[in-house]
Structures are given as C-alpha cells and as structure tokens.
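What the coordinates show
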Amino acid sequence: MTGPQGQPVFIRLGPPPEEPNQFLVDGAPQSYPADVQARLEVDAKDIIGRYPNPRSALLPLLHLVQSEDSYLTPAGLEFCADQLGLTGAEVSAVASFYTMYRRRPTGDYLVGVCTNTLCAVMGGDAIFDALKDHLGVGNDETTSDGAVTLAHIECNAACDYAPVVMVNWEFFDNQTPVSARELVDSLRFGEPKAPTRGAPLCAFRETSRILAGLPDQRPDEGQGGAGAATLAGLRVAQENGMRAPAPPEAGPESRPGGQS
C-alpha cells in the first residue's frame, strides 16, 4: 500500500522479530527416555479419559509436556501426537497458535509484563524497560541463575488494575518500575511475594501441570474474588438504580421453525 505522498508503506505482520517463531532449540530433546515416557503416559491417560473425543485433550497435553521441559520440544510435540493419533503438523499448528506455550527454555518464574494499550498508557512499557535493565536480559530471555524469564505478554483481561505484571500467570496489579524490581528480586532470592489475587506462586513447571488439569494443592489464602476496581461499574449501576432492559417476550414466530 502507499501513503498520502505516494510513498510505500510497509506493515509488518506476525510476531516481533526478536520473538521465537519455531519449535527448534539447540539441545532440545527429540524423544523421551523410557522412564519419562512411561510417567507421562500415566498422566496423559488420566487427562485424555476426561474427554469424549481424545483429540480434545491436546491443549492440556501440551501443558503436560511443557511441565516436563519448561517449553515445547520436539519430544513433547511427538508425545502429544502419539497419544492422540495426530500428525506432528496438526499438533504444531495448535501449539503455535497460543502464546501460553513456550518455545524456549523457561526459568522458575515467567515474569510477563503487559504492554497492550491500557497497561502501556499506565506505564507498562516503562516497567518492561526497567526490568530488562535490572535483570540484564532482553525480551524472552532468562537470567543466568535460571530463576526468571522476562517476556512481554498480551492483554490478560486485567485492565482495571493496569499496569499488570503476571508471574506464572498469577496477577500482580497496579505495578510500578520500583515495585516490579522488588518483585523480581523476591523471586530470585527465594522469597516470592504473594500475588494480588489467587493462590500462592509455584514454579513454572508446576504451574504447567496445574494447567494440564492435574491436582492443584495450593491454598487460596484470601486473595481471590473481584476487587473494587472490577466492581466499580456494578456499584454505579446499583447507586443509580440502573438495570438492563428486560428481553422481549418470545412469541411462537421467534422460535425455530416458527412453532411453539
């Protein structure tokens, strides 16, 4: 396409160039040892048994193999394909669609900084830049001690608490560059801060097992539930007697086939 002055305008599609776009990492396992294969098969059988159609278990199985390697490897993709009778292309097509599936080795804590519109406006970009400088890593890179992987993430539906940082998908709301630096230091020193909402933090591989649908033993220590910012609209509606309009009563002509 061309701009107002007739000059060509190039629109880049796809992920930013610094983000990984394939499941190829030097040293990644190509297959699992027999003992690992057998252990994963026990969990996979449990997961697959929950679905009438086995291939519906693909997403949790991807989390399962991610819990083994901390990212998706050729061994993990092959395992999922074998368990479900799918081709490698089918598994890779699904795995490459979702950003929660990692394509590089991941540290104990995946620290994701939202840089989408509202979080960016409220300071998300400044937080991300501060953490890159503080940790000495770039986007999607892991600290030398293996404790923290830093990545920018897409919107996680917590705009009412922007800017938001997520650690292993648990929320840390209303962050600043200072609080975010304190947060990552607590992770590296082995004394992780409690999330704003939800259960206590656990390591990334354990988080992946929980997302696979395997038992979550963490207690909810009272952080759960909607906060004031989330409920602000509801409160205003109640104070002003606002209600949603009643739906029109459906007559026979509005029913399928026009029959009662």
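Calculation rules
Residues numbered from 1 in each chain as written. Predicted model: local features only at pLDDT ≥ 70, side-chain atom pairs only at ≥ 80, totals over all residues. Heavy atoms only, no water. UniProt positions renumbered as here; feature names shortened; annotations may be inferred. Core = buried A, V, L, I, M, F, W, Y, C linked by side-chain atoms within 4.5 Å. Buried < 20%, exposed > 50% of the residue type's maximum accessible area, 1.4 Å probe, protein only. Helix = DSSP H or I, 4+ residues; strand = E, 2+ residues; numbered from the N terminus. Salt bridge = Lys/Arg side-chain N within 4 Å of Asp/Glu carboxyl O. Arc of directions from axis to C-beta. Contact = heavy atoms within 4.5 Å. Polar contact = N/O pair within 3.5 Å; in protein donor to acceptor, adjacent residues only side chain to side chain. Expected span 1.5 Å × (residues − 1).

Per an unreviewed UniProt entry, the protein chain goes by the name NADH-quinone oxidoreductase subunit E and belongs to Mycobacterium decipiens. Of the comments in the UniProt record for the protein chain, the one headed Catalytic activity (unreviewed entry) reads "a quinone + NADH + 5 H(+)(in) = a quinol + NAD(+) + 4 H(+)(out)".

This brings us to the nonpolar core. Soluble globular proteins: nonpolar side chains tend toward being buried together. Grouped together as the largest cluster of nonpolar side chains are 26 residues, with contacts concentrated most on Leu61, Leu62, Leu64, Leu72 and Val91. Among the elements that take part in this core, helix 3 (residues 74–84) stands out by supplying six residues, more than any other. Counting residues in each nonpolar core, the second largest holds 19 residues, with Val137, Ala180, Leu183 and Leu201 among its members.

Moving on, we come to the pattern of salt bridges. Pairing is possible between side chains that carry opposite charge, provided their charged atoms lie close to one another. Going through the model one piece at a time under the given rule, you end up with twelve salt bridges. One salt bridge connects Arg209 with Asp43, and the closest N-O pair in it is separated by 3.0 Å. One end of the pair, Arg209, is in helix 8 (residues 204–211); the other, Asp43, is in helix 1 (residues 34–48), and 166 residues separate them in sequence. Take Arg209: its relative accessible area is 32%, and that puts it in the partly exposed class. One salt bridge in this structure joins Arg102 and Asp140, with 2.6 Å as the shortest N-O distance.

With that out of the way, let us pick up helix 8. Residues of helix 8 that are buried: Phe204, Thr207, Ser208 and Ile210. Viewed along the axis of helix 8, the buried residues span an arc of 160 degrees, placing them on a single side of the element. In this fold, the buried residues of helix 8 make contact with helix 2 (58–69) and strand 1 (109–114). Positive phi shows up at Gly213, right after helix 8, with a value of about 100 degrees.

With that settled, consider the side chain of Asn168. Inspection of the secondary structure puts Asn168 in the loop between strand 4 (165–167) and strand 5 (170–172). For Asn168, a relative accessible area of 2% translates into the label buried. A polar contact of 3.2 Å, which involves the side chain of Asn168, links it to the backbone oxygen of Asp108. Polar contacts involving the side chain of Asn168 include one to the main-chain amide nitrogen of Leu110, which spans 2.7 Å. Setting aside residues up to four positions removed in sequence, Asn168 forms contacts with Asp108, Tyr109, Leu110, Cys202, Ala203, Phe204 and Thr207.

Right, let's talk about helix 6 (residues 124–135) for a bit. Note: α-helices contain 3.6 residues per turn, so residues at a spacing of three or four share the same orientation. Compared with the 16 Å implied by 1.5 Å per residue over twelve residues, the 16 Å span of helix 6 between its first and last C-alpha is a close match. Of all the positions in helix 6, only Gly124, Ile127, Phe128, Ala130, Leu131 and Leu135 are classed as buried. Seen along its axis, helix 6 keeps its buried residues to an arc of 165 degrees; they face one direction. Of the surrounding elements, those touching the buried residues of helix 6 are strand 1, helix 5 (117–121), strand 3 (148–153), strand 4 and helix 7 (177–188). Where helix 6 terminates, the next one or two residues include Gly136, which has phi positive at roughly 70 degrees.

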